[in-house]
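# Examination of the molecular architecture
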Amino acid sequence: MKVTKFGGSSLANAFQIQKVCDIVLSDPDRRVVVVSAPGKRTKDDTKVTDLLIDVAKARIAGGDYKKPLGIVLERFREIAEELDIVDVLPSIEEAITKVVEATITDTVLYTDSVKAMGEDSSARVVAAYLNSTGHKAVYCNPKEAGLLIEHNDAGKGVVLDESYDHLSKLVKDNETLYIFPGFYGYNKAGQIITFSRGGSDITGSILAGALCAEVYENWTDVDNVYAVNPSLVSNPFPIREITYDEMRELAYAGFTVLHEDALFPVYVRGIPVNIKNTNNPKAKGTWIVSKRTHYDSLITGIAGEKGFVTITINKYLMNQQVGFLFNVMRIFMEEGVSIEHIPSGIDTVTVIVRKKYFTPEVQEVICNRILKELGATDIKVERDLAIVMIVGEAMANSVGIMARAASALSNAGINLRIVNQGASEISMMFGVAESYCSYAVKVLYKELFRY
Ligand code: ASP
């Protein structure tokens, strides 16, 4: 069985929804279908989820929520009319109105419940359309199916383990197609909780895991994932196959294909993911697998991300002092800042963190503590670091990549602040000034993909 998830652009209008249903029906193994809310129809359009967020914000603020609500209802009306399934509209309007008009006791929970209505309505539309064309399809309610989600301490929606057991019982017969709304589930108190944005990917992955699917298909609007951000180079090299580990490394430097929490449920069960294009179903797409079967290129991908800070701590005879590093890490932990990397010298250690967690206020507290409590000689903070990653399992068996990469960057006049290669040799990391981030990615791509 395949679990098949379609993103917002695949459900943006009636025409796209027909394509989705054709794709589902063209393969009898596609039994469980996870849908996003309708996305943008044109570049300047607004996603239904964004409209719903406007509805929730306006209602919370006591403003005019009926205007964005009207636009949402109109979008579903238009889709239903074009698909000739207007009978589905009362159930959609009733479900949306019920959550929007509910008494607000908690603004976070209220917003989650309103946000979820895009996916909920998409699932009702797809099930109704399949039924209207003579196929047996059911809309699945995540509450009845047992998809349990709770907010963690940071306020992020995370799935509860028992959901897997509940969801493993979703498919009851071989003739029915199960249409499941992505992005949301329920907490134990029966309230709607959403994942973070783009979270329908997570729903699909959880279902693939729970049902031990043969593959998790993730349908979007590109033929492949590319080796580098396509806005940086023309005709980038397509990635046909990539491992979960390579994907994780690239995602770390901002390479987003799936939601970052969507890989784990399939990764632990070894279920391959196939990224496919709804607008070109014949294209083979990109496979994310646990073990590669072949390598099309030495390097799998290159990515760069801004937004890092380096905190360089100096202390004379640091290397002779037992526990210095431990105490530095303890201070970061006590101030709630997650450490990304710690390259170190003999009398210096550099801590790399993400800027969004290291605000100027946090910086002041941490630096003072390190100076006072650990007797550091001095601390230098640079708030403009970008991380550039070169990723590829095939690199492990090849000599000279680091030399080529470093000399290409130096010939381009890019100063390397940090260089790091893990022992696994699956990736190399360079720290450069933020202003050089995209340029460094382009230079490395030119060097390493033109051999
Ligand atoms: N509709 C939600 C969003 O726009 C979730 C998703 O599409 O995956 O973030």
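Placed above this text is the structure.
Residues numbered from 1 in each chain as written. Predicted model: local features only at pLDDT ≥ 70, side-chain atom pairs only at ≥ 80, totals over all residues. Heavy atoms only, no water.

### What to know about the overall build of the chain
Within the chain, the secondary structure is distributed over 15 helices and 20 strands. What you see for the chain is a C-alpha radius of gyration of 24 Å, in line with the 22 Å of a compact globule of 451 residues. Projecting the C-alpha coordinates of the chain onto the three principal axes gives extents of approximately 75 × 55 × 40 Å. Residue burial in the chain is summarised as follows: out of 451 residues, 51% are buried. Long-range pairs, those at least 24 residues apart, make up 74% of the contacts in the chain with a sequence separation of at least 6. (Helix = DSSP H or I, 4+ residues; strand = E, 2+ residues; numbered from the N terminus. Rg over C-alpha atoms; globule rule 2.2 N^0.38 Å. Buried < 20%, exposed > 50% of the residue type's maximum accessible area, 1.4 Å probe, protein only. Contact = heavy atoms within 4.5 Å.)

### With respect to the packing of aromatic side chains
Summed over the entire model, instances satisfying the criterion amount to seven aromatic pairs. Arranged with centres 5.7 Å apart and planes meeting at 25 degrees, the rings of Phe-6 and Trp-219 form a pair that is stacked. Taken together, the residues Phe-6 in strand β1 (residues 2–6) and Trp-219 in strand β9 (residues 215–220) connect sequence positions 213 residues apart. Both residues of the pair, Phe-6 and Trp-219, count as buried. Between Tyr-244 and Tyr-267, the aromatic rings sit 5.4 Å apart at their centres with planes inclined by 85 degrees, giving edge-to-face as the arrangement. Here Tyr-244, found in helix α10 (residues 244–252), pairs with Tyr-267, found in helix α11 (residues 263–267); they are 23 residues apart in sequence, far enough to count as distant. The ring of Tyr-65 is capped by Arg-59, whose NZ or CZ atom sits 5.8 Å from the centre of that ring. We note Arg-124 situated over the ring of Tyr-139; from NZ or CZ to the ring centre the distance is 4.3 Å. (Phe/Tyr/Trp six-rings, centres within 6.5 Å; stacked < 30°, edge-to-face > 60°. Lys NZ or Arg CZ within 6 Å of the ring centre and 35° of its normal.)

### Concerning the pattern of salt bridges
Under the definition given, this model contains 26 salt bridges. A salt bridge links Glu-335 to Arg-369, with the shortest nitrogen-to-oxygen separation between them at 2.8 Å. Taken as a pair, Glu-335 in the loop between α12 (324–334) and β16 (339–341) and Arg-369 in helix α13 (residues 360–374) lie far apart in primary sequence, 34 residues in all. Note on Glu-335: relative accessible area 30%, which makes it partly exposed. One network of salt bridges, in which partners are shared, links Arg-330, Glu-334, Glu-335, Arg-369 and Glu-373. (Salt bridge = Lys/Arg side-chain N within 4 Å of Asp/Glu carboxyl O.)

### Remarks on the sheet that holds strand β19 (residues 418–421)
What the six strands build is an open sheet, ordered β16-β17-β15-β18-β20-β19; its pairing is antiparallel. The sheet is open, and its two edges are formed by β16 and β19, each paired on a single side. Sheet twist, expressed as the mean angle between neighbouring strand axes with direction ignored, is 35 degrees. Both strand β18 (residues 378–391) and strand β20 (residues 427–433) contribute to a ladder of seven bridges, which runs antiparallel. Each bridged residue has a counterpart across the sheet, and for Ile-387 the counterpart in β20 is Gly-431. The sheet strands contacting α10 are β15 (301–314), β16, β17 (348–354), β18 and β20, and the helix crosses β18 at an angle near 140 degrees. Where α13 meets the sheet, its contacts fall on β15 and β18, and the angle it forms with β18 comes to roughly 115 degrees. (Pairing = 2+ DSSP bridges. Axes fitted to C-alpha atoms, helices over the stretch in contact; angles between N-to-C directions.)

### Topic: the state of the cysteines
Applying the stated criterion to the full structure yields zero disulfides. The structure places no disulfide on Cys-212, whose sulfur is separated from the nearest cysteine sulfur, that of Cys-140, by 17 Å. On the accessibility criterion, Cys-212 (63% relative accessible area) is exposed. (Disulfide = S-S within 2.5 Å.)

### A closer look at the sheet that holds strand β3 (residues 137–139)
Taken together, the eight strands give an open sheet; going across it, the order is β3-β6-β2-β1-β9-β13-β14-β12, and neighbouring strands pair in mixed fashion. Edge positions in the open sheet fall to β3 and β12 (241–243), since each of these has one partner strand only. Here the average twist between neighbouring strands, direction ignored, is 20 degrees. Along the sheet, helix α6 (residues 117–132) contacts β2 (30–35), β3 and β6 (177–181); its crossing angle with β6, the most-contacted strand, is approximately 160 degrees.

### Some words on the side chain of Asp-45
Its place among the elements puts Asp-45 in the loop between β2 and α2 (48–60). Within the structure, Asp-45 has its side chain in polar contact with the side chain of Arg-41 (distance 2.6 Å). Once residues within four sequence positions are removed from consideration, Asp-45 is found in contact with Gly-39, Lys-40 and Arg-75. (Polar contact = N/O pair within 3.5 Å; in protein donor to acceptor, adjacent residues only side chain to side chain.)

### Some details on the site of the ligand
Neighbouring residues of the ligand: Ser-36, Ala-37, Thr-49, Glu-119, Phe-183, Arg-197, Gly-198, Gly-199 and Ser-200. A distance of 3.4 Å separates an oxygen atom of the ligand from a polar backbone atom of Gly-199. Expressed as a share of its isolated accessible area of 270 Å², the protein-covered part of the ligand is 91%. (Near = heavy atom within 4 Å. Areas by Shrake-Rupley, 256 points an atom, 1.4 Å probe, with all protein chains shown as cover.)

### Remarks on the nonpolar core
The nonpolar side chains of a soluble globular protein tend to be buried, and buried together. Counting 76 residues, the largest nonpolar core has Val-3, Phe-180, Leu-207, Ile-288, Ile-302 and Ile-390 as the members making the most contacts within it. When residues no more than four places from it in sequence are discounted, the contact partners of Ile-390 are Ile-299, Gly-301, Met-395, Ala-405, Ile-426, Ser-427, Met-428, Phe-430, Leu-444 and Leu-448. The next biggest cluster of nonpolar side chains, apart from the first, holds 50 residues, and it includes Val-99, Ala-116, Tyr-184 and Tyr-186. (Core = buried A, V, L, I, M, F, W, Y, C linked by side-chain atoms within 4.5 Å.)

### Regarding the side chain of Arg-31
If you trace the backbone, Arg-31 turns up in strand β2. Within the structure, Arg-31 has its side chain in polar contact with the backbone oxygen of Asp-173 (distance 2.6 Å).

### Describing the packing of helix α3 (residues 66–83) against helix α4 (residues 89–100)
Remark: α3 packs on α4, axes separated minimally by 10 Å, with the N-to-C direction vectors making an angle of 165 degrees. As far as their axial angle goes, α4 and α3 are roughly antiparallel. Crossing of α3 against α4: the hand is right-handed. Contact residues: α3 offers Leu-69, Val-72, Leu-73, Phe-76, Arg-77 and Ala-80, while α4 offers Leu-89, Ile-92, Glu-93, Ile-96 and Val-100. Split into classes, the residues belonging to the contact of α3 with α4 amount to nine nonpolar, no polar and two charged. (Parallel < 35°, antiparallel > 145°, perpendicular 65-115°, else oblique. Left-handed = near helix turned anticlockwise from the far one by under 90°. Nonpolar A, V, L, I, M, F, W, Y, C, P; charged D, E, K, R; others polar.)

### So, the environment of Tyr-139
Note on placement: Tyr-139 falls in strand β3. Separated by 14 residues in sequence, Tyr-139 and Val-125 have C-alpha atoms that sit 8.7 Å apart. When sequence neighbours within four positions are dropped, the list of residues in contact with Tyr-139 reads Asp-120, Ala-123, Arg-124, Ala-127, Ile-179, Pro-181 and Tyr-184. At 3.4 Å, the side chain of Tyr-139 and the side chain of Arg-124 are in polar contact. There is a polar contact of 3.3 Å between the side chain of Tyr-139 and the side chain of Asn-141.

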